[in-house]
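Given next are the chains, with one letter for each unit.
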Amino acid sequence: MSLASPMFTLRDYDKRDFELLFKLDRLCFDPGIAYSRPELASFIEQRRAYTVVAEWTEPSAEALAEIDALDAPPSESALSASQPLVKTFLPKGQTRPPRRPIAGFVTFHFQRQGYGHIITIDVHPDARRHRLGTLLINAACEKLRKMTAFMVVLEVAVNNHGALAFYDRHGFKRIKVLERYYNRDVDAIFMTKRL
Ligand SMILES: CC(C)(COP(=O)(O)OP(=O)(O)OC[C@H]1O[C@@H](n2cnc3c(N)ncnc32)[C@H](O)[C@@H]1OP(=O)(O)O)[C@@H](O)C(=O)NCCC(=O)NCCS
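Residues numbered from 1 in each chain as written. Predicted model: local features only at pLDDT ≥ 70, side-chain atom pairs only at ≥ 80, totals over all residues. Heavy atoms only, no water.

## Examining the pattern of salt bridges
Scanning the entire structure with this criterion turns up 7 salt bridges. A salt bridge links Glu-55 to Arg-11; the shortest N-O distance between them is 2.7 Å. Residue Glu-55 is found in strand β3 (residues 49-56), and its partner Arg-11 is found in strand β2 (residues 8-12); the two are separated by 44 residues along the sequence. By relative accessible area, Glu-55 is classed as buried at 11%. Residue classification places Arg-11 among the buried positions, given a relative accessible area of 18%. Residue Glu-19 is joined to Arg-37 by a salt bridge in which the shortest nitrogen-to-oxygen separation is 2.6 Å. With a gap of 18 residues between them, Glu-19 in helix α1 (residues 18-28) and Arg-37 in helix α2 (residues 37-45) connect regions that are remote in the sequence. Each member of the pair, Glu-19 as well as Arg-37, carries the same accessibility label: buried. Through salt bridges with shared partners, a single network forms among Arg-11, Asp-17, Glu-55 and Arg-100. (Salt bridge = Lys/Arg side-chain N within 4 Å of Asp/Glu carboxyl O. Helix = DSSP H or I, 4+ residues; strand = E, 2+ residues; numbered from the N terminus. Buried < 20%, exposed > 50% of the residue type's maximum accessible area, 1.4 Å probe, protein only.)

Set out below in structure tokens:
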């Protein structure tokens with residue numbers, strides 16, 4: 001898959017993206033709501049899960065520095081940290097094909113009952129209000145439609161006013177409140193949209 005806008009290009013997820021997606025999720029959500037590494041990995045890797053990644057067509061200097069940092073050898077502290085390093089290192093002399101910085105992603109599942117479930121849409125703060133969220137939700141809905149899904153569902157925190165406005169704008173209906181859905185503390189709103 002490869003869709004494009006003047007600023008962003010969409011493509012399918014590759015395992016090498018994981019560390020940047022994890023960092024982006026941390027940037028997009030409060031610590032109580034952002035996924036842990038194992039949670040995000042299980043959502044991305046489970047059966048019938050799809051992740052569409054958006055690359056910046058023209059990367060910012062900060063985004064390029066972020067990629068350089070990921071390609072650098074691990075520091076002593078990183079090696080001793082308890083979290084596993086997802087990044088893989090190439091043998092000396094071997095060059096990696098160029099990667100563009102990631103501006104956002106969407107992860108969704110196709111449920112056996114015939115509907116889609118949006119797990120998360122993350123747009124880098126510098127990329128917001130440039131229609132990237134719209135590109136990603138449209139790509140997810142298009143893929144789900146092709147898989148014969150009749151509906152798409154999601155949960156969003158009651159205090160995430162930006163995301164609620166975004167989903168309202170995209171025709172999602174607010175169905176019910178899921179009490180203490182996040183961290184057994186923050187309520188969520190369950191939203192659905194017919195495809
Ligand atoms: C919600 C999110 C995905 C929107 O992405 P985006 O690329 O900024 O969205 P778009 O530019 O496509 O916005 C389309 C429309 O949605 C509405 N919208 C989007 N963000 C909004 C905000 N913060 N406040 C009010 N309306 C908003 C607007 O109507 C907007 O159109 P406009 O810019 O012409 O006014 C992004 O803000 C984000 O990643 N937030 C953090 C993570 C998150 O909350 N994800 C969703 C929960 S699962």
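## A look at the site of the ligand
Not every one of the 19 residues close to the ligand is listed here, only the nearest: Ile-121, Arg-129, Gly-133, Thr-134 and Asn-160. Taking Gly-133, its main chain carries an N or O atom lying 2.7 Å from an oxygen atom of the ligand. Looking at the shell around the ligand, the elements with two or more residues in it are β5 (115-123), α5 (132-146) and α6 (161-169). With 6 residues, the top contributor of residues to the shell around the ligand is α6. Residues of the shell around the ligand, tallied by class, amount to 9 nonpolar, 5 polar and 5 charged. (Near = heavy atom within 4 Å. Polar contact = N/O pair within 3.5 Å; in protein donor to acceptor, adjacent residues only side chain to side chain. Nonpolar A, V, L, I, M, F, W, Y, C, P; charged D, E, K, R; others polar.)

## Brief notes about unusual backbone geometry
We note that Arg-131 has phi near 75 degrees; this positive angle belongs to a residue other than glycine. The residue Arg-131 is located in the loop between β5 and α5 in this model. One non-glycine residue, Asn-183, adopts positive backbone phi at about 60 degrees. Looking at where Asn-183 falls in the secondary structure, it is placed in the loop between β7 (173-182) and β8 (186-194).

## A closer look at the packing of aromatic side chains
This structure, assessed with the given rule, holds 7 aromatic pairs. Centre to centre, the rings of Tyr-167 and Phe-172 are 5.3 Å apart; their planes meet at 65 degrees, and the pair counts as edge-to-face. Relative to Tyr-182, the ring of Tyr-181 lies with its centre 4.9 Å away and its plane at 85 degrees, an arrangement referred to as edge-to-face. Its relative accessible area of 38% is what places Tyr-181 among the partly exposed residues. On the accessibility criterion, Tyr-182 (16% relative accessible area) is buried. Following the ring pairs from residue to residue traces out a cluster consisting of Phe-166, Tyr-167 and Phe-172. Directly above the ring of Phe-190 sits Lys-176, whose terminal nitrogen or CZ lies 5.7 Å from the centroid. (Phe/Tyr/Trp six-rings, centres within 6.5 Å; stacked < 30°, edge-to-face > 60°. Lys NZ or Arg CZ within 6 Å of the ring centre and 35° of its normal.)

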